[in-house]
Amino acid sequence: MFDFLKSSKHGGLEVYLERIQMNMENNYKDAAQMNLNEMEELFKQLSEAGKLNDKQKERYESLIHSLRIRMKNFTHKDQKPYWT
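Quantities reported herein were computed from a predicted structural model and do not represent experimental measurements.

The rules behind the values
- Residues numbered from 1 in each chain as written.
- Predicted model: local features only at pLDDT ≥ 70, side-chain atom pairs only at ≥ 80, totals over all residues.
- Heavy atoms only, no water.
- Helix = DSSP H or I, 4+ residues; strand = E, 2+ residues; numbered from the N terminus.
- Contact = heavy atoms within 4.5 Å.
- Expected span 1.5 Å × (residues − 1).
- Buried < 20%, exposed > 50% of the residue type's maximum accessible area, 1.4 Å probe, protein only.
- Arc of directions from axis to C-beta.
- Axes fitted to C-alpha atoms, helices over the stretch in contact; angles between N-to-C directions.
- Parallel < 35°, antiparallel > 145°, perpendicular 65-115°, else oblique.
- Left-handed = near helix turned anticlockwise from the far one by under 90°.
- Nonpolar A, V, L, I, M, F, W, Y, C, P; charged D, E, K, R; others polar.
- Phe/Tyr/Trp six-rings, centres within 6.5 Å; stacked < 30°, edge-to-face > 60°.
- Lys NZ or Arg CZ within 6 Å of the ring centre and 35° of its normal.

Peer 1: Sorry if this is basic, but what is going on with the side chain of Gln33 here?
Peer 2: One can find Gln33 in helix H2 (residues 29–49). Once you skip the residues sitting within four places of it in the chain, Gln33 turns out to touch Arg68, Met71, Phe74 and Thr75.

Encoded structure:
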């Protein structure tokens, strides 16, 4: 009846999205990877507990998937020195 009240955002997961974005912009690769892993763990916990509606599940599954692809080689160990 009140489907318009169901938000597609979840406050706890949005905090992680902001952290990931900030760390990526500042080239904090390890911190961004760590935040993505924490976000994914929180998403799994919330999904299993039934705390996310369908819109939220769809949104965050898509975001996590795209971030995983985008951050595939986003680590300091894979960074090549410019002089080689």
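Peer 1: Explain H2 to me, please; I cannot follow it from the model alone.
Peer 2: A turn of α-helix holds 3.6 residues, and therefore any two residues three or four places apart point the same way. In this model, H2 (21 residues) spans 30 Å end to end at C-alpha, consistent with the 30 Å of a helix rising 1.5 Å per residue. Burial in H2 covers these residues: Lys29, Ala32, Gln33, Asn35, Leu36, Met39, Phe43 and Leu46. Take H2 and look down its axis: the buried residues cluster within an arc of 160 degrees, on one side only. Exposed residues pointing more than 90 degrees away from the buried face of H2 are listed as Glu48 and Ala49. Along its buried surface, H2 packs onto helix H1 (11–25) and helix H3 (54–70). The first or second residue beyond H2 is Gly50, which carries a positive phi of 75 degrees.

Peer 1: It is not clear to me how the packing of H1 against H2 should be interpreted in this structure. Could you clarify?
Peer 2: Working note: a packed helix pair is described by the angle between its axes plus the distance between those axes. Packing of H1 against H2 brings their axes to within 9 Å, and their N-to-C directions diverge by 165 degrees. One way to sum up the angle between H1 and H2 is to call them roughly antiparallel. Every pair of crossing elements has a handedness; the one defined by H1 and H2 is left-handed. In contact with Gly12, Leu13, Tyr16, Leu17, Arg19, Ile20, Asn23 and Met24 of H1, H2 contributes Ala31, Ala32, Asn35, Leu36, Glu38, Met39, Leu42, Phe43 and Leu46. Grouping the amino acids of the contact of H1 with H2 by side-chain chemistry returns 12 nonpolar, 3 polar and 2 charged.

Peer 1: Quick question: what am I supposed to make of the packing of aromatic side chains here?
Peer 2: Within a pair of aromatic rings, the relevant descriptors are the distance that separates the centres and the angle that separates the planes. Using the criterion set out here, one finds 0 aromatic pairs in the structure. Taking the ring centre of Tyr16 as reference, the NZ or CZ of Arg19 above it sits at 5.3 Å.

Peer 1: Teacher, can you tell me more about the environment of Gln56 here?
Peer 2: Summarising the element assignment, Gln56 is placed in helix H3. For Gln56, the contacting residues outside a window of four places in its chain are Ser7, Ser8, Lys9, His10, Phe43 and Lys51.

Peer 1: Sorry, what's going on with the packing of H1 against H3 here?
Peer 2: Packing of H1 against H3 brings their axes to within 12 Å, and their N-to-C directions diverge by 20 degrees. Taken as axis vectors, H1 and H3 run roughly parallel relative to one another. Judged by the twist between their axes, the crossing of H1 over H3 is left-handed. Contact residues: Leu13, Glu14, Leu17, Ile20, Gln21 and Met24 in H1; Arg59, Tyr60, Leu63, Leu67 and Arg70 in H3. For the contact of H1 with H3, the class distribution of residues is 7 nonpolar, 1 polar and 3 charged.

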